[in-house]
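Geometric and topological summary
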Amino acid sequence: MGSFDQNKAYAPQEEGSAFFDDGREIELLHFVYSHTNLENIRGSPKNVLAAIDEYGRTKKYLMNVGEDKGRIVTDLIAEVKPKTMVELGGYVGYSCILFGDAVRDSGGQRYYSLERDPAFAAVIMSLVDLAGLSDTVKVVVGSSDESIARLHASGALEHIDLMFLDHYKPAYVTDLKLCEELRLVTPGSVLAADNVIKPGNPPYLDYVRSSVQQKRKNADEAGKGPGTEGFLETNVKMYEKRFGDAKFSQSKGNPSLVYKSKLVHSYEPTGEPSSEAECVRSSYPHIHPSHSAMLCSNSIKFHLVTKPHAPPRPAALFFYNHVPKNVLLILLSLICLPVSLALVLGSFVLVKFDYVRPQPTRRPLDYDDDPEDECSPTRPRPTRKTILVTGVSMTKGLAIARLLAQRTPHRVIGADVSPFSPGRFSTSISAFHTLTAPSGSSTKPYVDSLLSVIRDENVDLWISCSSVVAAVEDGQVVRLAEETMSRNGRIFKAIQFREDVVEKFHAKDQFIDYIESIGLQVPESYRCTTAQQVLDVLLRATPETDGEQKAGEQKEKRFILKPIGVDDRARASMMTLLPLASVPETTAYVKKLGISPSNPFQLQQHIPSPEYCTHALIVQGRVAAFTACPSSELLMHYSALSPTSHLCQQMLEFTEHVASEHGAGFTGHLSFDFLVEGEGRNVVLYPIECNPRAHTAVVLFEDEGKMADAYLSVFSRPRTKAVDVIVPKMPCPSYYWAGHDLVTLVVIPMLSLFYGRASLQDVVLGARTFADHVIYWRDGTYSVWDPWPFLVLYHVYWPVQLLLSLLNGKKWSRVNVSTTKVFES
Ligand SMILES: C[S@@+](CC[C@H](N)C(=O)[O-])C[C@H]1O[C@@H](n2cnc3c(N)ncnc32)[C@H](O)[C@@H]1O
């Protein structure tokens, strides 16, 4: 902490509560609006702050956060890059203008200033407007707890990335608990609380420093509501004149959250020194130890910066171990079997007695089904085609097979490497073939088995939905099948890129190089074939500091390290932010990954922004169908973005750009993962990965019949005129997978409660979310006209896989129900 520049000191604070609410706030407005420099002040947050400071220095004290303490929070904003920030207590808008401006600069969307006093709120609004920040800042009048609850209930506030607490001291804890309960504050949120030592807020310090057990115990102590004990009387009574006795939220919070805290020292705007001291060792992982030691010096004034995170993970509960995990899941499948059987039976009854909307009807064969001949004067009779869909054990393959079987007159057949493939039992599939699974370097049997299905079944169109391990091989099959079929005088089409294209898009490093080469923006990325290369980049990008970071200094860059090939174990930990707290820790972490020329990794700049995924069908170099949705953990929940939204249009434009680069021979499924900074018209897309194959998001097209035509358009001549891109029919339901949600939202919280690792609240919340999904969302596998795949998936396919895993001892860490992928551990 540097010294205080006395020239900037505010007028001293008056005794008692005579330092505010005596008309000075309105006087400040007059002062600013009659300022000789008003024209330069207008539209400039910096100049509005300077004018407020000038009033505080030359006229009367103002209880603002001030420049010095403000810098702590603006630095934090630059680090956290909050999309949404909330302040509790706005007063005349100093912190609101300073932080609102910083949030806007760092790409954030919204700054809420919660102020109870309507007169103060009016001053804030007026000065925010003068500063030109009204688009970003929203001033909310009312008591903070009521405002938080209202904003949450209306959907305007879904999550708080950064919160600044600077209002009524006894309400710090009660408001924080309310935010926890409403899941506005979750692991990853950051809190900055002012004046926790002087004037002092012991209950707040106690709360954020308590362990889960202490918090649970306190929460269970009936009748011991929040109060004003431990506060200076002046602090308790300072708002009494206008608002009488304070009422508090009675929320119990979320005791499962624990916080890492650090105290940061600074000066009040008056520059007044204090002899109090408090030392908290920083738990921020990236703070250098010498910096932490510095925090132990005597403080003058300070903030407490607090970061909640999941509690340190204790030893895994027994049911996460290999044998109990598999056995419990098999048992769960057995327990749920009667429910699934009832569902299948119910489906037949509903369909039989017309209780559901009619199944989309197959249209008769007509000339549109042979579009390759559409210009021929001697048009032959249209013929029924055979369409092969591979990968029908996965939701994406099943969804495409159903779509084509229900909406076109053609014969749809399926193939998969698993004989228990749920798609095999779909009424959409006329015939099923078991393929030989590719294993390691031996891919020939897989390629041969697929080629023989194409040949024996006289396949006209092959839609590949194979898994990542067969992506390149599928590219080979296209080439070989096209050669063979054309030798035999047959027309054969495939929705699958050739192997060279697959390789280029599939390898993370080649993809980033390619995107950069066509002039599109990419995150900073390095291909590394040795641990030393990784360490060199990390140390160069984030030099060690031996003290406090100076204002204006570039913030530390963080990186993530991803395997370029398929490496489930490394993938599981790839979101670890690097560098770690110390050089030895970083070195040890990087070295244990086994980075080598045959196992290269990509070191990529971490962009702390929301992630989106897209799915596109590309036909002859044009985007025929497109959708985008926010990425969810394990990609088990899908909600389509509005196709007309600017963000969706931007991602579509990007995809069109890439597709048009490759010309008319470019046909296949293409999906991208993007990190998205900013919002509205100011979004910046960072493509981070590409999957040149079908994405599960294809389920979102279930109700859009034109999607089937988009697949058949592969038989048409390349279009010269622009055609409409097919998008999911709006409003489009969100999708979930019942088995995944049952385990993650209901079973695991219940078992964890039993072992004291979760609260009743966690269980209720999980069950409520599950119920919401069952009632309002759509299951990705279940279809009332075609219920067998659902039954087979949960009661044949997965039990068999789990049994095999028990027998062969192959351990797994996660499974993806929709893609049937098992992540090895
Ligand atoms: C210290 S001042 C805030 C200063 C401001 N953050 C700044 O630095 O510019 C505290 C403010 O909190 C407001 N306040 C007090 N209790 C509140 C409550 N329960 N809800 C919302 N605002 C409250 C007061 O009216 C006062 O304007």
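Residues numbered from 1 in each chain as written. Predicted model: local features only at pLDDT ≥ 70, side-chain atom pairs only at ≥ 80, totals over all residues. Heavy atoms only, no water.

1. Here we look at a nonpolar patch on the surface
A cluster of nonpolar side chains, F318, V323, V327, L328, L331, L334, I335, F754 and Y755, forms an exposed patch at the surface whose accessible area comes to about 880 Å². The element that contributes the greatest number of residues to the nonpolar patch is helix α15 (residues 322-352), accounting for six residues. (Patch = residues over 30% accessible without salt bridge, like charges linked within 9 Å, V, L, I, M, F, W, Y side chains within 5 Å. Areas by Shrake-Rupley, 256 points an atom, 1.4 Å probe, with all protein chains shown as cover. Salt bridge = Lys/Arg side-chain N within 4 Å of Asp/Glu carboxyl O. Helix = DSSP H or I, 4+ residues; strand = E, 2+ residues; numbered from the N terminus.)

2. Brief notes about the UniProt feature "transmembrane region" (unreviewed entry) in the protein
Following the UniProt record, the feature "transmembrane region" (unreviewed entry) maps to residues 327-353 here. In residues 327-353, helix accounts for 96% and strand for 0%; the two terminal C-alpha atoms are 39 Å from one another. (UniProt positions renumbered as here; feature names shortened; annotations may be inferred.)

3. Overview of the pairing of strand β2 (residues 110-115)
Of all the six residues making up β2, five are buried; the element is thus mostly covered by neighbouring parts of the structure. Judged from the five bridges that link them, strand β1 (residues 84-88) and β2 form a sheet pairing that is parallel. Residue T84 lies in a different strand from β2, and its bridge partner there is R110. Examined bridge by bridge, β2 and strand β3 (residues 137-141) share five bridges and lie parallel to one another. Looking at the pairing, S113 lines up with V139 of β3. Taking the sense of rotation as the criterion, the β-α-β connection linking β2, helix α6 (residues 118-131) and β3 turns out right-handed. (Buried < 20%, exposed > 50% of the residue type's maximum accessible area, 1.4 Å probe, protein only. Pairing = 2+ DSSP bridges. Right-handed = clockwise from strand over helix to strand, strands pointing away.)

4. Observations concerning the site of the ligand
The environment of the ligand is formed by 20 residues, the closest being V65, S95, E115, S144 and D166. Within the contact set of the ligand, a nitrogen atom lies 3.1 Å away from a backbone nitrogen or oxygen of R116. One of the backbone N or O atoms of S144 is found 2.8 Å from a nitrogen atom in the ligand. When isolated, the ligand has an accessible area of 600 Å², and the protein chains bury 96% of it. For the shell around the ligand, the per-class residue count stands at nine nonpolar, eight polar and three charged. (Near = heavy atom within 4 Å. Polar contact = N/O pair within 3.5 Å; in protein donor to acceptor, adjacent residues only side chain to side chain. Nonpolar A, V, L, I, M, F, W, Y, C, P; charged D, E, K, R; others polar.)

5. Quick word on the pattern of salt bridges
Counted by the stated rule, this structure contains 22 salt bridges. Salt-bridge contacts for E67 lead to K8; the nearest nitrogen and oxygen are separated by 3.3 Å. Here K8 lies in the segment before α1 (24-33) and E67 lies in helix α4 (residues 66-80), a separation of 59 residues in the sequence. We classify E67 as partly exposed; its relative accessible area is 37%. Notably, a salt bridge pairs R479 with E499, separated by 2.8 Å at the nearest N-O pair. Of the two residues, R479 is situated in helix α18 (residues 471-487) and E499 in helix α19 (residues 499-506); the sequence distance between them amounts to 20 residues.

6. So, the sheet that holds strand β19 (residues 684-691)
Overall, antiparallel pairing links the four strands, which are arranged β17-β16-β18-β19 in an open sheet. In this open sheet, the two edge strands, each paired with only one partner strand, are β17 (622-630) and β19. Across this sheet, the average inter-strand angle for adjacent strands is 25°, counted without regard to direction. Looking at chain direction, strand β16 (residues 611-619) and strand β18 (residues 668-677) are connected through six bridges and run antiparallel. Its bridge partner being in β18, E611 is matched across the sheet by L675. Running at roughly 140° to β17, helix α24 (residues 646-660) makes contact with β16, β17, β18 and β19 of the sheet. (Axes fitted to C-alpha atoms, helices over the stretch in contact; angles between N-to-C directions. Contact = heavy atoms within 4.5 Å.)

7. As for the pairing of β17
With seven of nine residues buried, β17 is to be regarded as a mostly interior element. Looking at chain direction, β16 and β17 are connected through eight bridges and run antiparallel. What sits directly across from H615, in β17, is T627. From the end of β16 to the start of β17, which pair antiparallel, there are two residues, and Q620 there has a positive phi angle of about 50°.

8. Quick notes on the environment of P600
Among the structural elements, P600 can be located in the loop between α23 (583-591) and β15 (601-605). For P600, a relative accessible area of 11% corresponds to the buried category. Put simply, P600 and G565 are 35 residues apart on the chain and 7.3 Å apart in space, counted from C-alpha to C-alpha. Those residues in contact with P600 that lie beyond four places of it in its chain are R527, C528, T529, P563, I564 and G565.

9. Remarks on the sheet that holds strand β11 (residues 461-463)
Ordered by their spatial adjacency, five strands build an open sheet running β10-β9-β8-β11-β12, and the pairing between neighbours is parallel. Looking at which strands have only one partner, the edges of the open sheet turn out to be β10 (432-434) and β12 (493-495). Averaged over all neighbouring strand pairs, the angle between strand axes comes to 20°, with direction disregarded. Relative to strand β9 (residues 411-416), strand β8 (residues 386-390) runs parallel, the two sharing five bridges. Bridge pairing links T386 to R411 in β9. Across the face of the sheet, helix α16 (residues 395-407) comes into contact with β8, β9 and β11 while running at roughly 165° to β8. Sitting on the sheet, helix α17 (residues 444-456) touches β8, β9, β10 and β11, and the angle it makes with β8 is about 160°.

10. Description of the side chain of S333
Here S333 shows up in helix α15. Here the side chain of S333 touches Y794 through a polar contact of 2.8 Å, landing on its backbone oxygen.

11. Observations concerning the side chain of S428
Assignment of secondary structure puts S428 in the loop between β9 and β10. Once residues within four sequence positions are removed from consideration, S428 is found in contact with A401, R402, A405, V412 and D786.

12. Describing empty space enclosed by the protein
A full pass over the atoms with the stated rule returns three cavities of 30 Å³ or more. Here the largest cavity defines a volume of roughly 160 Å³. Around the largest cavity, the lining comprises 16 residues; the ones closest to its centre are A399, R402, L403, V699 and E702. Examining the composition of the lining of the largest cavity, we find that six residues originate from one element, α16, more than from any other. Residues that form the lining of the largest cavity fall into these classes: nine nonpolar, three polar and four charged. The space that makes up the second largest cavity amounts to roughly 50 Å³. Contributing to the lining of the second largest cavity are V392, S393, M394, T395, L398, P422, T781, L793, V817 and S818. The residue makeup of the lining of the second largest cavity, split by class, is six nonpolar, four polar and no charged. (1 Å grid on protein atoms, 1.4 Å probe; cavity = no way out; pocket = protein on both sides within 12 Å on 5 of 7 lines; lining within 4 Å. Points joined across faces, edges and corners; volume = space filled by probe spheres on them.)

13. A closer look at the packing of helix α3 (residues 45-58) against helix α5 (residues 94-105)
For the pair α3 and α5, the least separation of the axes is 10 Å and the interaxial angle reads 160°. Classified by the angle between their axes, α3 and α5 sit roughly antiparallel to one another. Seen along the crossing, α3 lies across α5 with a hand that is left-handed. Across the interface between the two elements, P45, V48, L49, I52 and D53 from α3 touch Y94, I97, L98, D101 and R104 from α5. The class makeup of the residues in the contact of α3 with α5 is seven nonpolar, no polar and three charged. (Parallel < 35°, antiparallel > 145°, perpendicular 65-115°, else oblique. Left-handed = near helix turned anticlockwise from the far one by under 90°.)

14. A word on unusual backbone geometry
Going from L578 to P579, the amide bond is cis rather than trans, its omega being 0°. Locating P579 in the fold gives a position in the loop between α22 (568-572) and α23. For the bond from M730 to P731, the omega torsion is -5°, close enough to zero to count as cis. Relative to the helices and strands, P731 is located in the loop between α25 (706-712) and β20 (735-736).

15. A short note on the confidence of the model for the protein
Looking at the protein as a whole, its pLDDT mean stands at 84, while 85% of the residues score no less than 70. When the elements of the protein are averaged for pLDDT, helix α14 (residues 289-294) gives the smallest value, 22, and β1 the largest, 97. Within the model, pLDDT remains below 50 along residues 307-311, and this stretch shows 26 contacts once partners closer than five positions in the same chain are excluded. Every residue in residues 544-555 scores below 50 in pLDDT, and together they form 17 contacts with partners more than four places removed in sequence or on other chains. (pLDDT = per-residue confidence, 0-100.)

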